[in-house]
Amino acid sequence: MSRPPTFTPPPCARAYRLGTARGAFAVLDARPGEGAAVKGTALLLPGYTGSKEDFIAMLQPLADAGYRTVAVDGRGQYETDGSEDEETYAQGELARDVLAQAEAVADGGRPVHLLGHSLGGQIARAAVLLDAAPFASLTLMSSGPAEVVPAQQQKIKLLSDALRVMDMAQVWDAMRALDPPEEADDPRSNREDLRQRWLRHHPAQLVATGRQLTVEPDRVGELAAVRPRLPLHVVSGERDDTWPVPLLDAMAGRLGAHRTVIGGAEHSPNTDRPLETAQAVAAFWDERGRTRPAPAQERD
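About the thresholds
Residues numbered from 1 in each chain as written. Predicted model: local features only at pLDDT ≥ 70, side-chain atom pairs only at ≥ 80, totals over all residues. Heavy atoms only, no water. Helix = DSSP H or I, 4+ residues; strand = E, 2+ residues; numbered from the N terminus. Expected span 1.5 Å × (residues − 1). Buried < 20%, exposed > 50% of the residue type's maximum accessible area, 1.4 Å probe, protein only. Core = buried A, V, L, I, M, F, W, Y, C linked by side-chain atoms within 4.5 Å. Contact = heavy atoms within 4.5 Å. Salt bridge = Lys/Arg side-chain N within 4 Å of Asp/Glu carboxyl O.

J.: Mind showing me how you'd approach helix 2 (residues 91-105) here?
T.: Count 3.6 residues to each turn of an α-helix, and residues three or four apart come out pointing the same way. For helix 2, spanning 15 residues, the distance from its first C-alpha to its last is 21 Å, which sits close to the expected 21 Å at 1.5 Å a residue. The complete set of buried residues in helix 2 reads Gln-91, Leu-94, Ala-95, Asp-97, Val-98, Leu-99, Ala-100, Gln-101, Ala-102 and Val-105.

Given below as structure tokens:
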């Protein structure tokens, strides 16, 4: 589970509900300072069990770099409404939500930079494969080519089984009881804001999207066919227990994507090393604002 340092937005950001053709979505909308040039707009999608706050420490650096950045809670995540019908969280439905969000935040119809973390990356990929036209680039952050590793599949199955017989508060307590000793005594794992976020997730959303993570097919070939029109970026930490880093390296090679590895970070570079991650993402967007298409694979 990701642990953003705070749930309080920086001064550059405003929290509100973004109206779209597919309903309203809770967002944090961060903008460059008054009078500053805006280079572009970016839409950020969080991962499984996460929320828009997972990008909160990146918002000010991205605003300072000249980008309007909109981090969103997807359908049934944290502060965005959802239903208890698992079918409403099918990947295709979530991808269409992203297309609607991109349309709603686009400035004068200009293409939007799209970034997805983990599960959010696979939803972002699905959106691009439906329609790449609304997007200026795609960044996949700690998001692999297909299903998660077997150990993570087992964790997701255990969580899904628990969600079918326990309420969210009971599941939270059970998860904390299973924490290793070093995490159980870590105040960062026992914060009330993290607990409140968990309680507001819709169980059906967690079950449905968890299932997606365990069965996602390899769609790298499909995405590679889009690459000549859409610059691609693969970002990860130097360690990852959900998709191993060599697998992410290989995916970037297959895509001909720009590749960034954030030192000192693991599965969530957006919370582990937010400043370095924001700088790498903004540099990619800057370069793609000057030249298209993206260059062959690079490793920062």
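J.: Which parts of the structure should I look at to understand unusual backbone geometry?
T.: Phi is positive for Thr-49, close to 65°, though the residue is something other than glycine. Structurally, Thr-49 is set in the loop between strand 3 (40-45) and helix 1 (56-64). Despite not being glycine, Ser-142 has its phi angle at roughly 50°, a positive value. Take Ser-142: it is sitting in the loop between strand 6 (135-141) and helix 4 (150-165).

J.: Could you clarify how one ought to interpret the nonpolar core in this entry?
T.: Counting residues in each nonpolar core, the largest one holds 58 residues, and the members touching the most others are Leu-43, Leu-114, Val-128, Leu-138, Trp-198 and Leu-255. When residues no more than four places from it in sequence are discounted, the contact partners of Trp-198 are Met-1, Thr-49, Leu-159, Leu-163, Met-168, Val-171, Trp-172, Met-175 and Leu-206.

J.: Where do I start with the pattern of salt bridges in this structure?
T.: Proximity of charged atoms lets side chains of opposite charge pair with each other. Using the criterion set out here, one finds 23 salt bridges in the structure. Arg-219 is the partner of Glu-222 in a salt bridge, and the nearest nitrogen-oxygen pair spans 3.0 Å. Residue Glu-222 is classed as partly exposed on the basis of its relative accessible area of 41%. Put simply, Asp-249 and Arg-259 hold a salt bridge, and the shortest N to O gap is 2.9 Å. In this pair, Asp-249 sits in helix 10 (residues 245-255) while Arg-259 sits in strand 8 (residues 258-262), placing the two residues 10 residues apart along the sequence.

Worth remembering: the numbers are spatial, not functional.
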